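Tertiary structure, described
For reference, the chains in residue letters:
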Amino acid sequence: MIISKVHIIGEEGWKDINIENEIINGVTTHQAVVPGSITLPEDAVAFPGLINSHDHLDFNLFPQLGNRVYKNYKAWGDDIYENNIDRINAVLKVPQPLRTQWGLYKNLLNGVTTVVNHGQQLHIEDELITVFQDCYSLHSLVYEKKWKWKLNKPLTKNKPCVIHIGEGTDAGASREIDELISANLFKKKLIAVHGVAMDELQAKHFNALVWCPASNYFLLNTTADISKLKNNTAIIFGTDSTLSAGWSIWEHLRLARKQNGLTDNKLLDAVTTIAAKTWNINSGAIAANKTADIVVAKKKKGQTDMDNFYSLDPEDILLVISKGHIRLFDASLTAQLKNYGSIFFTPVTINGVVKFVAGDLPALMKAITAYYPHASFPVGTIYV
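Worth saying up front: this structure is predicted, and the values here are computed from it rather than measured. (Residues numbered from 1 in each chain as written. Predicted model: local features only at pLDDT ≥ 70, side-chain atom pairs only at ≥ 80, totals over all residues. Heavy atoms only, no water.)

What to know about the sheet that holds strand β9 (residues 136-138)
Strand order across the open sheet formed by 5 strands is β9-β10-β11-β12-β13, with parallel pairing between neighbours. In this open sheet, the two edge strands, each paired with only one partner strand, are β9 and β13 (234-237). Across this sheet, the average inter-strand angle for adjacent strands is 25°, counted without regard to direction. Judged from the 4 bridges that link them, strand β12 (residues 208-211) and β13 form a sheet pairing that is parallel. Within the sheet, the bridge partner assigned to valine 210 lies in β13 and is isoleucine 236. Sitting on the sheet, helix α5 (residues 171-183) is in contact with β10 (161-165) and β11 (190-194), with an inclination near 155° to β10. Each of β12 and β13 touches helix α9 (residues 249-259); the most contacted strand, β13, lies at about 145° to it. (Pairing = 2+ DSSP bridges. Helix = DSSP H or I, 4+ residues; strand = E, 2+ residues; numbered from the N terminus. Axes fitted to C-alpha atoms, helices over the stretch in contact; angles between N-to-C directions. Contact = heavy atoms within 4.5 Å.)

Notes on empty space enclosed by the protein
Under the counting rule described, the total for this entry stands at 1 cavity of 30 Å³ or more. Empty space within the largest cavity amounts to approximately 30 Å³. Lining the largest cavity we find Ser53, His54, Asp55, Val116, Asn117, His118, Cys135, Ser137 and Val162. Only β6 (50-55) and β7 (112-117) provide two or more residues apiece to the lining of the largest cavity. Element by element, the count of residues in the lining of the largest cavity is highest for β6, at 3 residues. Here the residues of the lining of the largest cavity sort into 3 nonpolar, 5 polar and 1 charged. (1 Å grid on protein atoms, 1.4 Å probe; cavity = no way out; pocket = protein on both sides within 12 Å on 5 of 7 lines; lining within 4 Å. Points joined across faces, edges and corners; volume = space filled by probe spheres on them. Nonpolar A, V, L, I, M, F, W, Y, C, P; charged D, E, K, R; others polar.)

Some remarks on the pairing of β7
Counting buried positions over the 6 residues of β7 gives 6, a clear majority of the element. With 4 bridges connecting them, β6 and β7 associate as parallel partners. Opposite aspartate 55, over in β7, you have asparagine 117 as the bridge partner. Sheet topology note: the β7/strand β8 (residues 130-132) ladder contains 3 bridges and is parallel. Looking across to β8, one finds that valine 116 is bridged to phenylalanine 132. (Buried < 20%, exposed > 50% of the residue type's maximum accessible area, 1.4 Å probe, protein only.)

Some words on unusual backbone geometry
Positive phi, close to 50°, is recorded for lysine 187, a residue that is not glycine. Here lysine 187 lies in the loop between α5 and β11. A relative accessible area of 65% places lysine 187 in the exposed class. Even without glycine at this site, asparagine 280 takes up a positive phi of about 60°. As for its placement among the helices and strands, asparagine 280 is situated in the loop between α11 (273-279) and β14 (294-298). Residue asparagine 280 is classed as exposed on the basis of its relative accessible area, which comes to 69%.

A look at the layout of surface pockets
Reported here for the largest pocket is a volume of approximately 700 Å³. When residues of the lining of the largest pocket are traced back to their parent elements, those giving at least two are α1 (73-83), α2 (85-92) and α7 (213-220). Its residues assigned to classes, the lining of the largest pocket shows 12 nonpolar, 13 polar and 3 charged. In this structure, the second largest pocket occupies an estimated 180 Å³ of space. Along its surface, the second largest pocket is lined by 13 residues, and Asn60, Leu61, Phe62, Pro63 and Ser376 are the ones closest to its centre. Partitioning the lining of the second largest pocket into residue classes produces 9 nonpolar, 4 polar and no charged.

By themselves, these observations are geometric and do not establish any function.
Rendered as structure tokens:
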């Protein structure tokens, strides 16, 4: 597969991207269109498939649940289970495999090609995108039973330990970070999620912090002080599930950009190169020998690469390639891609724009609504 004459974010001129199997074989300066290559409109830009470093894949049918601003995650959890239990149980009637499959589509529709699932290991038969689960997940100090023993369990020493920590604004949220650091007897690789209460000295004890600003603002009306923490730990980016944040990663990125804690380039790195390095995966860049995880989106006239990137929405995505396989394409590319390989695609609409996605997404949505009639999806179905 060759993607011909495309602009790559941050680079000059037109490029051709040669993909063989799951790997980028080479990126060359465009000379001439090769017969059979995928040609894109000139107002298009390519960038690495996004890496969402924190999601709960089976929790993405929930609406955002919260009734006030909270001091910490336990106060939030106690409140929604007391006051929103009927809404919670309604979603949980949907079998977990169906909820998980929708979680994959939520990420795919956003241009995410790798998602890190936090929680129990999920068995996924057909991965639309890469689901990273090669880590040791602990929920939190409050909700993980025997967390100290699990943290120091010898058989997990080679895997990073990922845990919600410091998710609050009270003194207890800061103290639990210290407690976790003190309990890490074997100095295992720690990756913090949220870290709203984290300070610079605490940050030094973590290999990375997964920043989830949209979720933080919804629960706590604030987020981690990334401008300070970035000096002492790697910053990567996550959405969390729709239980506490909206479905579009692009809205999350725009919120993060407004914080001015990271430069535009570093925020992009947080969902590409730095995330790939943190999880030790061969993606996050459009370069030779990297996994072929590529997104192509519309390039808006008169905008810089970075302004364009941070103005994108799911409807602006033209093409998503995951491990060398097309998983989504815009209707404008139908003539070239409708018979691509042996993959079955179905049409959906996002804000009125037609996209073709791998698999039968309309059938999945129908199956979900049979269990949960109030399910709300950000996509519509059409018949062609």
